[in-house]
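Descriptive structure summary
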Amino acid sequence: MALDQETLEQFVDTIQRFVRERLIPAEAEVDATDTIPQPLIDEMKAMGLFGLTIPEEYGGLGLSITEEVRVAYEITHAAPTFRSVFGTNVAIGSQGILIDGTEEQKQTYLPKLASGEMIASFALTEPDIGSDAASVKTRATGDGNGYVLNGTKRYITNAPSADIFTVMARTDPEQKGARGVSAFVVEAKTPGIRLGKPENKMGQKGGQVCDVIFEDCRIPGSALIGGVEGQGFKTAMKVLDKGRLHIAACCCGLADRLIQESLAYAIERQQFGQPIADFQLIQAMLADSQTEHDVGWALVRDAAQRYEAGEKLPRIAAEAKYYCSEMLGRVADRAVQIHGGAGYINDYAVSRLYRDVRIYRLYEGTSQIQQLVIAKDMIRRAREALS
Ligand code: COS
């Protein structure tokens with residue numbers, strides 16, 4: 001634990017108040033304008049949210065994974081687009097440097113990521129490369145003591161505001177799979193980087209996603225994460241393992257919010273002369289959502305404790321992300337159902353959140369990829385036990 005229990009509870013209280021008083025009231029406007037007001041972003045910086053997971057020696061709060069999932073759970077009681085503002089600094093954008101970077105890379109970038117002075121994005125996906133992440137086509141060709149990057153990265157969260165990208169690129173064209181891939185930290189201002197137009201997404205309005213195009217982009221040798229070629233796929237997978245646990249916690253936070261919205265509506269809404277909460281078919285939906293939330297949140301907390309104890313099994317994170325993102329989809333669907341026609345109207349939070357949550361079953365590995373990770377580990381263990 002990085003924080004003592006009392007400090008953690010005070011921090012959680014502060015986040016709950018921020019969610020209630022500042023973020024939830026801004027949700028409808030953010031959805032309508034596709035923009036997050038700068039004063040809210042400044043408040044997130046002042047609260048230390050950009051540096052949640054960055055160690056104190058580099059200017060962050062240095063939360064342990066069990067503390068991180070607690071904070072992720074609380075903040076996602078507001079629309080998840082708000083978490084996205086600092087989400088890449090806390091999770092996939094910074095962790096490659098933190099897990100595998102050199103001391104110089106850590107000192108150069110982590111303090112600025114922790115304060116929010118710099119924004120980091122994670123650039124793995126490409127137009128032809130999504131689930132098959134080991135087949136990265138973007139090339140990093142050795143040139144003197146540096147590299148030249150060529151290729152396109154797709155759907156990169158926070159790219160329009162990014163100052164640095166963690167880029168996975170192929171350094172060895174002879175190696176078609178994971179072993180030919182290296183990870184780099186690339187400054188956005190480097191000549192030869194162009195951004196695509198911002199994507200018009202289904203949900204999470206206010207969050208920014210676009211292509212990042214590298215055209216003869218010359219980067220120094222010191223940009224190679226950890227200073228070792230051929231480790232980039234493994235770096236990306238380690239980053240995603242931790243990222244998937246973080247995402248699973250977000251799914252549980254959002255599920256809890258949707259349940260609260262559903263309960264409040266069911267108690268207030270009258271049909272057939274009584275609150276709809278008194279009808280057993282509504283109660284069944286509420287009970288299913290609450291039970292599934294409780295199962296998911298228990299799974300995340302157990303996974304975080306095991307991760308913290310040193311059990312770095314990709315399967316633990318995959319199970320949590322798989323179950324919680326699917327659970328959230330069901331909870332969001334029931335929330336709209338409980339609201340009836342009102343659930344289809346954007347004035348109601350559940351309508352907007354229904355669109356927002358769909359991405360959780362897709363990014364940082366689809367549900368089908370999580371199933372593969374889980375089943376591969378089960379089969380490997382069973383075979384080992386037999387041999
Ligand atoms: N941590 C550390 N190393 C890992 C790892 C992990 N979680 N997962 C795999 N590796 C290592 C393997 O041990 C293997 O190393 P060796 O070559 O030394 O044996 C290497 O990486 C290749 O592993 P594997 O053969 O399992 O890779 P696959 O090509 O089969 O890919 C999947 C595995 C499909 C699980 C992976 O490509 C994946 O997660 N895809 C989804 C990508 C994703 O989430 N995209 C979203 C983009 S970010 S929003």
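Structure's up top.
To keep things clear, this report deals only with the structure shown in the data block. Just so it is clear, the structure is predicted and the values come from calculations on it, not from any experiment.

Around the ligand sit 21 residues in total, of which Ser131, Lys234, Asp241, Arg244 and Gly365 are the nearest. Take Lys234: an N or O atom from its side chain is 2.7 Å from an oxygen atom of the ligand. One of the side-chain nitrogen or oxygen atoms of Arg244 is found 2.9 Å away from an oxygen atom of the ligand. Within the complex, 68% of the 1,000 Å² of free accessible area of the ligand lies under protein. At the level of secondary structure, the elements contributing two or more residues to the shell around the ligand comprise helix H7 (232-268) and helix H11 (367-386). Element by element, the count of residues in the shell around the ligand is highest for H7, at seven residues. Here the shell around the ligand is composed, by residue class, of 10 nonpolar, four polar and seven charged. Residues from two domains meet in the shell around the ligand; each of domain 2 (120-230) and domain 3 (234-381) gives at least three.

Turning our eyes to something else, we now look at the packing of aromatic side chains. All told, the structure shown has six aromatic pairs when counted by the stated rule. Judged by centre distance (4.2 Å) and plane angle (10 degrees), the ring pair of Tyr73 and Trp297 falls under stacked. Residue Tyr73 is found in helix H3 (residues 65-75), and its partner Trp297 is found in helix H8 (residues 280-308); the two are separated by 224 residues along the sequence. The buried category is assigned to Tyr73, whose relative accessible area is 8%. The ring of Tyr323 has Arg330 lying over it, and the distance from NZ or CZ to the ring centre is 5.9 Å.

Calculation rules
- Residues numbered from 1 in each chain as written.
- Predicted model: local features only at pLDDT ≥ 70, side-chain atom pairs only at ≥ 80, totals over all residues.
- Heavy atoms only, no water.
- Near = heavy atom within 4 Å.
- Polar contact = N/O pair within 3.5 Å; in protein donor to acceptor, adjacent residues only side chain to side chain.
- Areas by Shrake-Rupley, 256 points an atom, 1.4 Å probe, with all protein chains shown as cover.
- Helix = DSSP H or I, 4+ residues; strand = E, 2+ residues; numbered from the N terminus.
- Nonpolar A, V, L, I, M, F, W, Y, C, P; charged D, E, K, R; others polar.
- Domains from an automatic or database assignment.
- Phe/Tyr/Trp six-rings, centres within 6.5 Å; stacked < 30°, edge-to-face > 60°.
- Buried < 20%, exposed > 50% of the residue type's maximum accessible area, 1.4 Å probe, protein only.
- Lys NZ or Arg CZ within 6 Å of the ring centre and 35° of its normal.

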